[in-house]
Amino acid sequence: MKSSNNTFNDIEEYILRYPEDIQKILQQISAAIKKAAPKSVEVISYGMPAFKMNKVLVYFAVGKNHIGFYPTPNPIKVFSKELEGYKTSKGAIQFPLNKKIPLSLISKITKFRVREDLEFNL
């Protein structure tokens, strides 16, 4: 895979840097996030695709053998039961490339982040 140290102008440019099989996964993740957060804006932040409203909702990026999904720390706690079986850390989730990506869970977490973002900015 190509290095993720490059800079990208937009999410599509980021996605196109990877092989077709990875592109398909990234497009599915991006579509799930857009559907869950239709008022969000696509940005590149910290060299990763991200979706933002008042603040960044979620980031995602390609790792060596996984897709990193970065929804900030709170959803990791809230969705801990559903995240069993995935490697997690304070604000990150690793979805292995050799398993089906849980798009419905990505959607649920994104919707949760939208609610957090709106509540925080009332």
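Shown above is the structure to which this text applies.
Quick caveat, the model's predicted, so the values are computed rather than measured.

Visitor: Explain the pairing of strand E4 (residues 66-70) to me, please; I cannot follow it from the model alone.
Guide: Of all five residues in E4, four are buried, a share of seventy percent or more. Looking at chain direction, strand E3 (residues 56-62) and E4 are connected through four bridges and run antiparallel. When the bridges of E4 are listed, Val62 appears paired with Ile67. Counted along the chain from E3 to the antiparallel partner E4, the turn is three residues long. Taken together, the four bridges between E4 and strand E6 (residues 92-96) define a ladder with antiparallel strand orientation. Its bridge partner lying in E6, Phe69 is registered against Ile93.

Visitor: Sorry, what's going on with the side chain of Asp117 here?
Guide: In this fold, Asp117 is placed in helix H4 (residues 103-120). Of the buried charged residues, Asp117 lacks a salt bridge, with Arg113 as the closest side chain of opposite charge at 5.5 Å. Excluding its chain neighbours within four sequence positions, the residues that come into contact with Asp117 are Met53, Asn54, Lys55 and Leu57.

Visitor: When you look at the packing of aromatic side chains in this model, what are you seeing that I'm missing?
Guide: By convention here, two paired aromatic rings are described through the distance between centres and the angle between planes. What the rule picks out here adds up to six aromatic pairs. Plain terms: the ring middles of Tyr46 and Tyr59 are 6.1 Å apart, the flat faces sit at 55 degrees to each other, and that makes the pair tilted. One end of the pair, Tyr46, is in the loop between strand E1 (41-45) and strand E2 (48-52); the other, Tyr59, is in strand E3, with 13 residues separating them in the sequence. Given a relative accessible area of 73%, Tyr46 falls into the exposed group. A centroid spacing of 5.0 Å and a plane angle of 85 degrees characterise the contact between Tyr86 and Phe95, whose relative ring orientation is edge-to-face. Among the aromatic residues, those joined into a ring-pair cluster are Phe8, Tyr14 and Tyr18.

Definitions and limits used
- Residues numbered from 1 in each chain as written.
- Predicted model: local features only at pLDDT ≥ 70, side-chain atom pairs only at ≥ 80, totals over all residues.
- Heavy atoms only, no water.
- Buried < 20%, exposed > 50% of the residue type's maximum accessible area, 1.4 Å probe, protein only.
- Helix = DSSP H or I, 4+ residues; strand = E, 2+ residues; numbered from the N terminus.
- Pairing = 2+ DSSP bridges.
- Lys, Arg positive; Asp, Glu negative; His and termini not counted.
- Salt bridge = Lys/Arg side-chain N within 4 Å of Asp/Glu carboxyl O.
- Contact = heavy atoms within 4.5 Å.
- Phe/Tyr/Trp six-rings, centres within 6.5 Å; stacked < 30°, edge-to-face > 60°.

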